[in-house]
Amino acid sequence: EDIIALHFEAVATATAGLSFREQARASSHAHQFLLEMMITYGAQFKEYLELKLADSVREAEARASLERQRALDAERAQDEKNDILAMIAHELRTPITAVRGSFDLAARALSRGQLEQVAPLLVAARSALDRLVRLSADLVASSRDDTPTLASAPLDLAATVAQACAWA
């Protein structure tokens, strides 16, 4: 409204010294010019708003994509945590089961008076407890972000299988 009012005042001032006919023609041209300018401005403003809207949509889509990726990463991390906890629980149950079995067999051997079977069973239980202690220490070290060192060395497979059979 202010622009239109200023336009009409400027046209009236510019055409003040002209004849009525020249004033009418100049006013008509000036108003036609104003109308064309307002239409052009409106079209340009519409394009500007459409570009701003498109930018906002792109930004929202980028944020949504980032949030989806974060959610997937969090879900993947949770799955990895669950897998690690399941593996830890399994690795801790194995020596505990071996100790329990060795103690049960040793108690049964003692009750039957078979003392020669007790010593190997106690050695197997001690070995399983030592493994449990190592696993617990590794777990504590890992929880403190202190990566335990893994020693890589050749292993006598026959002894390992014999120990597994003894535990079983």
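J.: Even after reading the chapter, I still don't get the environment of Leu139, so can you show me in this structure?
T.: The residue Leu139 is located in helix H3 (residues 118-143) in this model. You can call Leu139 partly exposed: its relative accessible area is 35%. C-alpha of Leu139 to C-alpha of Ile88: the two residues are 51 residues apart in sequence and 8.3 Å apart in space. Setting aside its immediate chain neighbours within four residues, Leu139 contacts Ile88 and Leu92.

J.: Before we go on, may I ask you to explain the side chain of Thr15 in this structure?
T.: Looking at the secondary structure, you find Thr15 in the loop between helix H1 (2-14) and helix H2 (20-112). Setting aside residues up to four positions removed in sequence, Thr15 forms contacts with Gln23 and Ala26.

J.: Can you walk me through the packing of H1 against H2 in this structure?
T.: Helix packing for two helices is described by the angle between their axes and how far apart those axes are. Running from N to C, H1 and H2 point in directions that differ by 155°, and their axes come no closer than 10 Å. Judged by the angle between their axes, H1 and H2 are roughly antiparallel. Of the two elements, H1 crosses H2, and the hand of that crossing is right-handed. Taking contact as the criterion, the partners of Ile3, Ile4, His7, Phe8 and Val11 in H1 are, on H2, Ser27, Ala30, His31, Leu34 and Met38. Partitioning the contact of H1 with H2 into residue classes produces seven nonpolar, three polar and no charged.

J.: Explain the pattern of salt bridges here, please?
T.: Two side chains of opposite charge can pair, provided their charged atoms sit close to one another. Under the criterion given, the structure shown has six salt bridges. For Asp55, the salt bridge goes to Arg58, with nearest N and O atoms at 2.2 Å. Of this pair, Asp55 and Arg58 both sit in helix H2, three residues apart, which is roughly one turn of the helix. Residue Asp55 is classed as partly exposed on the basis of its relative accessible area of 33%. Judged by relative accessible area, Arg58 falls into the partly exposed class, the value being 49%. Here Arg131 makes a salt bridge to Glu91, at a shortest N to O gap of 2.7 Å. You can see Arg131 sitting in helix H3 and its partner Glu91 sitting in helix H2, a full 40 residues away along the chain.

J.: When you look at the packing of H2 against H3 in this model, what are you seeing that I'm missing?
T.: H3 packs onto H2 with a crossing angle of 160° between their chain directions and a minimal axis gap of 9 Å. Relative to H3, H2 is oriented roughly antiparallel. Where H2 crosses over H3, the two elements pack in a sense that is left-handed. Among the residues making up the contact of H2 with H3, the classes are represented as 21 nonpolar, three polar and two charged.

J.: It is not clear to me how the environment of His31 should be interpreted in this structure. Could you clarify?
T.: With respect to the helices and strands, His31 occurs in helix H2. Separated by 20 residues in the primary sequence, His31 and Val11 have C-alpha atoms spaced 8.8 Å apart. Excluding anything up to four places from it in sequence, His31 contacts His7 and Phe8.

J.: Help me understand the packing of aromatic side chains in this model?
T.: Here a ring pair, both rings aromatic, is described through the centre-centre distance and the interplanar angle of the planes. Under the criterion given, the structure shown has two aromatic pairs. Ring geometry for Tyr41 and Phe45: centres 5.9 Å apart, planes at 15°, overall stacked. Of this pair, Tyr41 and Phe45 are both found in helix H2, four residues apart, which corresponds to roughly one turn of the helix. Given a relative accessible area of 56%, Tyr41 falls into the exposed group.

Analysis parameters
Residues numbered from 1 in each chain as written. Predicted model: local features only at pLDDT ≥ 70, side-chain atom pairs only at ≥ 80, totals over all residues. Heavy atoms only, no water. Helix = DSSP H or I, 4+ residues; strand = E, 2+ residues; numbered from the N terminus. Buried < 20%, exposed > 50% of the residue type's maximum accessible area, 1.4 Å probe, protein only. Contact = heavy atoms within 4.5 Å. Axes fitted to C-alpha atoms, helices over the stretch in contact; angles between N-to-C directions. Parallel < 35°, antiparallel > 145°, perpendicular 65-115°, else oblique. Left-handed = near helix turned anticlockwise from the far one by under 90°. Nonpolar A, V, L, I, M, F, W, Y, C, P; charged D, E, K, R; others polar. Salt bridge = Lys/Arg side-chain N within 4 Å of Asp/Glu carboxyl O. Phe/Tyr/Trp six-rings, centres within 6.5 Å; stacked < 30°, edge-to-face > 60°.

The values are spatial; any link to function lies outside them.
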